[in-house]
Amino acid sequence: MLRIISIDLGTTNIKGAFIEFSDSSMDVNIVEQVNIRQRHIEDKVGGIYEHDPRYILSNIEDIIRHLSFSHGKPDAIVFSSYLFSTLFMTSMGEYKSNIITWVDERSKVVLDEISRYGAELYRRTGCPLLHIYSLPKILYFKKIHPSIISNDCYILDSKSFLMNYFVGYPVTDYSTASGTYQLLNIRKLRWDDLALEIAGIDEKQLPILREGDFSDYTRTGIALKTGIAEKTPIVLGLYDGAAMIYGLTGGRDRIAVVNIGTSGMIRSVSNTPVIDESGYMRFQTYYFYRNTWIPGGGINNAGIVLNYIADLLGMNIENIVKNLEEYSSEIYRDEKILEDAPYVIPLLYDERIPHLSGTGLNIIGLKPTARLSSLLGSIIEGIVFLLSLFTESLEENNIVFNEVRLAGKIASIPLTPLMISNMFSKPVRYTDIPDVSHIGNALIVLSSLNYISRKNVEELIENNYMKHGVNPSPGLTTILGRRRAFMKELVKRLLPV
């Protein structure tokens, strides 16, 4: 029996899980999960959205201490963490800033300064010109707060921040570096010369780069504080979305993975680093794990839109979900009720998709006969529509997949796999496990400590987790195909060329 503590640091929650792996039954079992709400430091007028690094570390220590005391000392600890985070720290370990998250909008003002490099940066790093990456944040702070960035300043992401605390030096995995900085060359797997020159920094200011299965031992002082054994391995892990992809696929290609929670994403494992050859940079390509990449994209406007509607209507999210469950049952009985549903283009918040921002929540064709459940169902449809824009661009660049695997809180609503299967015209498979990132984390640990082969990983996933599925139906595929075509025309009319 191998015991693992998985820490998944997210933008909304700090999550921990105690996991047991039985080599006799080849099963990964989540014994207990703990979720702690993130504390946000924000100023909506100023575009500020940050996390307190001390709050995060304190809560992670509490989670490890609790899980270790309740279930026994772990044989390993593994981290997954969110992308697009930037933290400035001195070489002596003093934090010169909070953790600046992807929601923070201050760096938008410097995008014009690097726009002439946009196409070349995309070719090298797989990252289009978006304010969420560390590169524009570095330029913003150099311009507005130059005292924060100096020669002895480390520029960390969420993963290297955790590793620096637990093992004593800043190291990050390739997937987190690739998806966060806009500074990693996705072909050479090293910090990119042009990107460093644009940023005006030295690579010595950035973390050490390693694969996700890299491990080192926890610092003695941290072991004593958290009640774990000395020399407990700390496994680097992947970023949160990549851990989820690994937990659902084991690294297999030709499978698209969709996650819909507060935000959403769709990615597919590729054996080569593919970028959008159209010139429009319609998707991102990040490095994944062991010579594979994950082209695809993310959207901001997913579950967060349902939360907004719930607040606007004075409803709790449980009632929203109940309405959606009833609506999905009605569609199963009569597909044609979708034909009278309103159209929703859910661009409530600025998007990560270039040129797809600023229009707000668009509701078209809302009739007096429409019910709340129909409107809510159209929001789910709109979320799936935004994700489908990525599938279209991926297929145009020869990234094909035969199946979709699904995770996330919104994915647990029956309407979601139904919409995805029929709008994508692909079979959908999904699992009951609410936080698949913990499973991915555990599988990375098993690989790192040589407990299990990659073939065993794939078999374990197939046999234990992918127990539910939805197949497309001709009638519903036709209806959603027509509706998707109409929504594409709406987007063209809503947005400037």
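Here is what the cut-offs are and how they apply
- Residues numbered from 1 in each chain as written.
- Predicted model: local features only at pLDDT ≥ 70, side-chain atom pairs only at ≥ 80, totals over all residues.
- Heavy atoms only, no water.
- Helix = DSSP H or I, 4+ residues; strand = E, 2+ residues; numbered from the N terminus.
- Rg over C-alpha atoms; globule rule 2.2 N^0.38 Å.
- Buried < 20%, exposed > 50% of the residue type's maximum accessible area, 1.4 Å probe, protein only.
- Contact = heavy atoms within 4.5 Å.
- Lys, Arg positive; Asp, Glu negative; His and termini not counted.
- Charge placed at Lys NZ, Arg CZ, Asp CG, Glu CD.
- Pairing = 2+ DSSP bridges.
- 1 Å grid on protein atoms, 1.4 Å probe; cavity = no way out; pocket = protein on both sides within 12 Å on 5 of 7 lines; lining within 4 Å.
- Points joined across faces, edges and corners; volume = space filled by probe spheres on them.
- Axes fitted to C-alpha atoms, helices over the stretch in contact; angles between N-to-C directions.
- Phe/Tyr/Trp six-rings, centres within 6.5 Å; stacked < 30°, edge-to-face > 60°.
- Lys NZ or Arg CZ within 6 Å of the ring centre and 35° of its normal.
- Salt bridge = Lys/Arg side-chain N within 4 Å of Asp/Glu carboxyl O.
- Core = buried A, V, L, I, M, F, W, Y, C linked by side-chain atoms within 4.5 Å.
- Parallel < 35°, antiparallel > 145°, perpendicular 65-115°, else oblique.
- Nonpolar A, V, L, I, M, F, W, Y, C, P; charged D, E, K, R; others polar.
- Arc of directions from axis to C-beta.
- Patch = residues over 30% accessible without salt bridge, like charges linked within 9 Å, V, L, I, M, F, W, Y side chains within 5 Å.
- Areas by Shrake-Rupley, 256 points an atom, 1.4 Å probe, with all protein chains shown as cover.

**Here's the deal with the overall build of the protein chain**
In terms of regular secondary structure, the protein chain is built from 16 helices and 24 strands. Here the protein chain has a C-alpha radius of gyration of 22 Å; the compact-globule value for 497 residues is 23 Å, and the two agree. Overall, the protein chain is about 65 × 55 × 45 Å in size when its C-alpha atoms are taken along their principal axes. Burial statistics for the protein chain: of 497 residues in total, 59% are counted as buried. Counted over contacts in the protein chain with a minimum sequence separation of 6, partners at least 24 positions apart contribute 73%. If you average the places of the 50 positive and of the 56 negative side-chain charges in the protein chain, the two averages end up 2 Å apart.

**Let's talk about the pairing of strand 5 (residues 48-51)**
Pairing of strand 4 (residues 40-43) with strand 5, which is carried by 4 bridges, proceeds in the antiparallel orientation. Note on strand 5: the bridge partner recorded for Ile41 is Glu50. Linking strand 4 back to strand 5 in an antiparallel pair, the connection comprises 4 residues, with Gly47 at a positive phi of about 75 degrees. Inspection of the sheet shows strand 5 paired to strand 8 (residues 99-100) by 2 bridges, in the antiparallel sense. Note on strand 8: the bridge partner recorded for Glu50 is Ile100.

**Quick look at empty space enclosed by the protein**
Taken as a whole and judged by the stated rule, the model has 1 cavity of 30 Å³ or more. Approximately 30 Å³ is the volume found for the largest cavity. Forming the boundary of the largest cavity are Tyr246, Gly251, Phe288, Tyr289, Arg290, Thr292 and Arg454.

**Thoughts on the environment of Asn35**
One can find Asn35 in strand 3 (residues 27-37). The class of Asn35 is partly exposed, set by a relative accessible area of 44%. Between the C-alpha atoms of Asn35 and Asp8, which are 27 residues apart in sequence, the distance is 9.4 Å. For Asn35, the contacting residues outside a window of four places in its chain are Ile14 and Lys15.

**Side note on helix 9 (residues 240-249)**
Counted residue by residue, helix 9 has 9 buried out of 10 residues, so it is predominantly covered. Those residues of helix 9 not exposed but buried are Gly241, Ala242, Ala243, Met244, Ile245, Tyr246, Gly247, Leu248 and Thr249.

**With respect to the sheet that holds strand 18 (residues 284-287)**
Across the sheet, 7 strands lie side by side as 18-19-17-16-22-23-24; this open sheet has mixed pairing. The open sheet is flanked by strand 18 and strand 24 (468-470), the only strands paired with a single partner. Within the sheet, the average angular offset between the axes of one strand and its neighbour, ignoring direction, is 25 degrees. With 3 bridges connecting them, strand 22 (residues 403-407) and strand 23 (residues 428-430) associate as parallel partners. For Val404, the partnering residue across the bridge sits in strand 23 and is Val428.

**Things to note about the packing of aromatic side chains**
Enumeration over the complete set of coordinates arrives at 13 aromatic pairs. Its guanidinium or amino end placed over the ring of Phe214, Arg210 lies 5.8 Å from that ring's centre, counting from NZ or CZ. It is Arg219 that lies over the ring of Tyr165; its NZ or CZ is 5.5 Å from the centre.

**Thoughts on the sheet that holds strand 8**
The strand order across the open sheet built from 3 strands is 4-5-8, with neighbouring strands paired in antiparallel fashion. Of all the strands in the sheet, the pair left with one neighbour each is strand 4 and strand 8.

**Observations regarding the pattern of salt bridges**
A complete count under the given rule lists 28 salt bridges for this structure. Of the charged contacts, one joins Arg65 and Asp62 as a salt bridge, the two residues approaching to 2.7 Å between their closest N and O atoms. Of this pair, Arg65 and Asp62 both sit in helix 1 (residues 53-71), separated by 3 residues, roughly a single helical turn. You can call Asp62 partly exposed: its relative accessible area is 36%. Arg484 is paired through a salt bridge with Glu392; the nearest N and O atoms lie 3.5 Å apart. Here the residue Arg484 occupies a position in helix 16 (residues 474-494), and Glu392 occupies one in helix 12 (residues 372-396), the gap between them amounting to 92 residues. Residue classification places Arg484 among the buried residues on the basis of a relative accessible area of 13%. A cluster of three or more residues bridged by salt bridges with shared partners is formed by Arg252, Glu403, Arg405, Arg429 and Glu462.

**Quick notes on the nonpolar core**
For soluble globular proteins, the rule of thumb is that nonpolar side chains tend to be buried together. Grouped together as the largest cluster of nonpolar side chains are 93 residues, with contacts concentrated most on Phe88, Leu183, Trp191, Val258, Leu415, Ile420 and Phe424. It is helix 12 that provides the largest number of residues to this core, a total of 11 residues. Sequence-distant contacts of Phe424, defined by excluding residues within four places in its chain, comprise Val258, Ile266, Val384, Leu387, Ser388, Thr391 and Val404. In this structure, Ile294, Ile439, Leu446 and Tyr465 belong to the second largest nonpolar core, which totals 44 residues.

**What to know about the packing of helix 9 against helix 15 (residues 454-464)**
Helix 15 packs onto helix 9 with a crossing angle of 80 degrees between their chain directions and a minimal axis gap of 7 Å. If you check the angle between helix 9 and helix 15, you find them roughly perpendicular. The residues of helix 15 that touch helix 9, namely those facing Tyr246, Gly247, Leu248 and Thr249, are Val457, Glu458 and Ile461. Class assignment of the residues belonging to the contact of helix 9 with helix 15 gives a composition of 4 nonpolar, 2 polar and 1 charged.

**A short note on helix 10 (residues 303-313)**
Buried residues of helix 10: Gly303, Val305, Leu306, Ile309 and Ala310, and no others. Along the long axis of helix 10, the arc covered by the buried residues comes to 155 degrees, so they all point the same way. When the buried face of helix 10 is taken as reference, the exposed residues oriented beyond 90 degrees from it are Asp311 and Leu312. Structurally, helix 10 contributes buried residues whose contacts are with helix 11 (317-333), strand 20 (343-347), strand 21 (360-364) and helix 12.

**Points about a negative patch on the surface**
Taken together, the side chains of Asp193, Glu197, Asp202 and Glu203 make up a negatively charged region of the molecular surface. With respect to the element layout, Asp202 can be found in the loop between helix 7 (193-199) and strand 13 (208-210). Of the residues examined, Asp202 reaches a relative accessible area of 38% and is grouped as partly exposed.

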